[in-house]
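# Architecture and fold: a report
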Amino acid sequence: MSDRKRRRLVPLLAEGALPPMNSFEANKIFGAVLGTIFVLFGGSLLAEALFHAEAPEQPGYVIVAAEPGEDGDAAPAAAEDPPIAALLQTADAEAGASQFKKCAACHSIEKGGPNKVGPHLWDVVMRPIASVPDFGYSTAMQEFSEGGEVKWDFDHLYHFIKNPKGYIPGTAMGFAGLKKPEDRANLIAYLREQADSPAALPEAPAEAPAEEAAAEETTDAATTTQGDPAAGGESAAQAGGTADAEPASQPGAEQAPTMSEEERPAPPAADEPQDAGAAKANDQQGSGTEAAPGAEENVPGGENAVDEEAAAAPAEGAASETQVAAAEPAAVSGDPEAGKKVFRKCQACHAVGEGAKNKVGPELNGIVGEAIASVEGYSFSPALVAYAEEHPTWNVEELSAWLADPRGLVKGTKMVFPGLKKPEDVANVIAYLATFDESGATTGN
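Residues numbered from 1 in each chain as written. Predicted model: local features only at pLDDT ≥ 70, side-chain atom pairs only at ≥ 80, totals over all residues. Heavy atoms only, no water.

### What about the overall build of the protein?
Each helix and strand counted, the protein has 19 helices and 0 strands in total. Per-residue burial for the protein yields a buried fraction of 37% across its 445 residues. In the protein, the proportion of contacts linking residues at least 24 apart, taken out of those at least 6 apart, comes to 56%. Approximately 26000 Å² of the protein is accessible, and the part contributed by carbon and sulfur atoms is 55%. (Helix = DSSP H or I, 4+ residues; strand = E, 2+ residues; numbered from the N terminus. Buried < 20%, exposed > 50% of the residue type's maximum accessible area, 1.4 Å probe, protein only. Contact = heavy atoms within 4.5 Å. Areas by Shrake-Rupley, 256 points an atom, 1.4 Å probe, with all protein chains shown as cover.)

Written as structure tokens, this is what we have:
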């Protein structure tokens, strides 16, 4: 710039005729700010268009959180479910395929399918539990499998799908379960077909209405006479013959003298028929009073006669193992055949008969009259072990209370079965269990 122009510009700046910054510079600043905002806003719109996925009209699966009960466990079922063996006879595998959509987010079903959040379910029916290679099972599931000895049979699947965390506490399965028995049966029918050789369907339970009515009448009659001396019945505690059983409610029973071991006559010979023992006991009593059923086991035979009151009331001392084993079957009222049908609900966790082994629960051979929490090779819960200190024997009363409501009787037990709601079912199951001795042989009762 020449000196002449400079001399003319200086007075103009001094007088404020020219702004310190022209409009072109201001426009550039405002344009830069607006451009930055446009780039940011446009980038967000572009990112949403590239990565946004529309939600489907109907979800392919729904995972619902389980509602805990008062003690933190899953809420118990309101009603007893029908057996899976009966439901599978009419189950719809196509409907089960629709139910499997709720499982597809975590499990594959096709042959050779990969493990996902959960293991693949190809050929899952009758597959050993926790046996899929390269899948990290929870500790609870591994313990439940007992090293692969326990299989995903129909009963295990039926109860696990209903309430996974309730059936196997500690499992990593987060699904709340299918509450409707029909939905579970349909799903299991579908899973069964996903195999090269589908497992055989279980035999349908025979439930004839006439048989059930007869069983109910038998149970009602037994319940009426049980504990009624006038009718020839007896209480479970009287017939049990165990040390912790309460004396029977008979006239004079509370005042009956207690005999010591020296005073108590020798028991009848083991090979002596029960009818002969009963006749001998009645002859020794020398009265017209009819002895309660099972009294021949509690009233020892021999040459020395005992008075009537002592014969009617059980001894307060500890009974011998022979007396307990002989008395317990007589204390049982119920239909063993009907109990065999009800026991199918227990077979998923327990076994009876020759060669029976511990499963999820202990084997039950000789359970009637057996010491509580004493099965060899089985690890009982601390709660049941503590309960056994005050209730040492599985007599009929203890078994009845346990089968009706296990968790209510022993708080903290790991028994997940909710219990049998019908008293006749309880009596029939106990009658069935009483037919097995310690070795698993049937006693013929």
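What follows picks up the thread again.
### Points about unusual backbone geometry
Phi angles above zero are rare outside glycine, and Asp123 is one such case at about 60°. Relative to the elements of secondary structure, Asp123 occurs in the loop between helix 4 (93-100) and helix 5 (139-145). Owing to a relative accessible area of 35%, Asp123 belongs among the partly exposed residues under this scheme. In the Ramachandran plot, Met126 falls in the positive-phi region, its phi being about 70° despite a non-glycine side chain. Note that Met126 resides in the loop between helix 4 and helix 5. A residue is classified by how much of its surface remains accessible, and Met126, at 35% relative accessible area, is partly exposed.

### Examining the UniProt feature "transmembrane region" (unreviewed entry) in the protein
Per the UniProt record, "transmembrane region" (unreviewed entry) is found at residues 29-51. For residues 29-51, the end-to-end C-alpha separation is 33 Å, with 100% helix and 0% strand making up the annotated structure. (UniProt positions renumbered as here; feature names shortened; annotations may be inferred.)

### Focus: the layout of surface pockets
The calculated volume of the second largest pocket comes to roughly 670 Å³. In this structure, the second largest pocket is lined by 34 residues; those nearest its centre are His107, Gly118, Pro119, Phe160 and Met173. The set of elements that each furnish at least two residues to the lining of the second largest pocket consists of helix 6 (154-162) and helix 8 (181-193). Considering every element that reaches the lining of the second largest pocket, the biggest residue donor is helix 6, with 3 residues. (1 Å grid on protein atoms, 1.4 Å probe; cavity = no way out; pocket = protein on both sides within 12 Å on 5 of 7 lines; lining within 4 Å. Points joined across faces, edges and corners; volume = space filled by probe spheres on them.)

### Observations concerning the packing of aromatic side chains
Under the defined criterion, the tally for this structure stands at 8 aromatic pairs. Here the aromatic rings of Trp152 and Phe160 are separated by 5.1 Å at their centres, their planes lie at 45°, and the arrangement is tilted. Owing to a relative accessible area of 8%, Trp152 belongs among the buried residues under this scheme. Classification of Phe160 by relative accessible area gives buried; the value is 7%. A centroid spacing of 5.5 Å and a plane angle of 50° characterise the contact between Phe343 and Tyr432, whose relative ring orientation is tilted. Here Phe343, found in the loop between helix 15 (336-342) and helix 16 (382-390), pairs with Tyr432, found in helix 19 (residues 423-433); they are 89 residues apart in sequence, far enough to count as distant. (Phe/Tyr/Trp six-rings, centres within 6.5 Å; stacked < 30°, edge-to-face > 60°.)

### Section: the side chain of Asn395
Among the structural elements, Asn395 can be located in the loop between helix 16 and helix 17 (396-404). Within the structure, the side chain of Asn395 is placed 2.8 Å from the backbone nitrogen of Glu398, a separation counted as a polar contact. (Polar contact = N/O pair within 3.5 Å; in protein donor to acceptor, adjacent residues only side chain to side chain.)

### Looking at the nonpolar core
If you look at the biggest cluster of nonpolar residues, it comprises 36 residues, and the most contacted ones within it are Ile84, Phe100, Trp152, Ile168, Ile188 and Leu191. Mapped by element, the contributors of at least two residues to this core are helix 3 (84-87), helix 4, helix 5, helix 6 and helix 8. Looking at this core element by element, the count peaks at 6 residues for helix 8. Listed in part, the 33 residues of the second largest apolar core include Leu384, Val426, Val429 and Ile430. (Core = buried A, V, L, I, M, F, W, Y, C linked by side-chain atoms within 4.5 Å.)

### Digging into the side chain of Arg127
Looking at where Arg127 falls in the secondary structure, it is placed in the loop between helix 4 and helix 5. Within the buried set, Arg127 has no salt-bridge partner at all; the shortest N-O distance to an opposite charge, 6.9 Å, is to Asp123. Once residues within four sequence positions are removed from consideration, Arg127 is found in contact with His120, Leu121, Trp122, Val132, Lys151 and Trp152. (Lys, Arg positive; Asp, Glu negative; His and termini not counted. Salt bridge = Lys/Arg side-chain N within 4 Å of Asp/Glu carboxyl O.)

### Side note on the environment of His107
Inspection of the secondary structure assignment puts His107 in the loop between helix 4 and helix 5. On the accessibility criterion, His107 (10% relative accessible area) is buried. Here the alpha-carbon distance between His107 and Trp122, two residues 15 residues apart in the chain, equals 9.4 Å.

### Section: a nonpolar patch on the surface
Taken together, the side chains of Ile29, Phe30, Val33, Leu34 and Ile37 make up a nonpolar region of the molecular surface, amounting to roughly 530 Å² of accessible area. Of the residues examined, Phe30 reaches a relative accessible area of 57% and is grouped as exposed. (Patch = residues over 30% accessible without salt bridge, like charges linked within 9 Å, V, L, I, M, F, W, Y side chains within 5 Å.)

### Some points on helix 6
Most of helix 6 is tucked away: 7 of the 9 residues are buried. Every buried residue of helix 6 is accounted for by Phe154, His156, Leu157, Tyr158, Phe160, Ile161 and Lys162. Where helix 6 is buried, its residues touch helix 3, helix 5, helix 7 (164-167) and helix 8.

### Here's the deal with the packing of helix 4 against helix 8
Between helix 4 and helix 8, whose axes approach to 7 Å, the crossing angle comes to 95°. Here helix 8 runs roughly perpendicular to helix 4, going by the angle between their axes. Here Ala93, Ala95, Gly96, Ala97, Gln99 and Phe100 of helix 4 lie close against helix 8, whose contacting residues are Asp183, Asn186, Leu187, Ala189, Tyr190, Leu191 and Glu193. Among the residues making up the contact of helix 4 with helix 8, the classes are represented as 8 nonpolar, 3 polar and 2 charged. (Axes fitted to C-alpha atoms, helices over the stretch in contact; angles between N-to-C directions. Parallel < 35°, antiparallel > 145°, perpendicular 65-115°, else oblique. Nonpolar A, V, L, I, M, F, W, Y, C, P; charged D, E, K, R; others polar.)

### Structural notes on the pattern of salt bridges
Here the structure, examined in full by the defined rule, presents 4 salt bridges. A salt bridge links Glu25 to Lys28; the shortest N-O distance between them is 3.5 Å. Remark: Lys28 and Glu25 occur in helix 2 (residues 23-51); sequence separation between them is 3 residues, near one turn of the helix. Residue Glu25 is classed as partly exposed on the basis of its relative accessible area, which comes to 32%. Take Lys28: its relative accessible area is 43%, and that puts it in the partly exposed class. Arg184 is the salt-bridge partner of Asp81, the closest N and O atoms lying 3.0 Å from each other. With Asp81 in the loop between helix 2 and helix 3 and Arg184 in helix 8, the pair connects residues that are 103 residues apart, well separated along the chain. In this structure, Asp81 and Arg184 share a single accessibility class: buried. Among the charged side chains, a network of salt bridges with common partners joins Asp81, Lys162 and Arg184.

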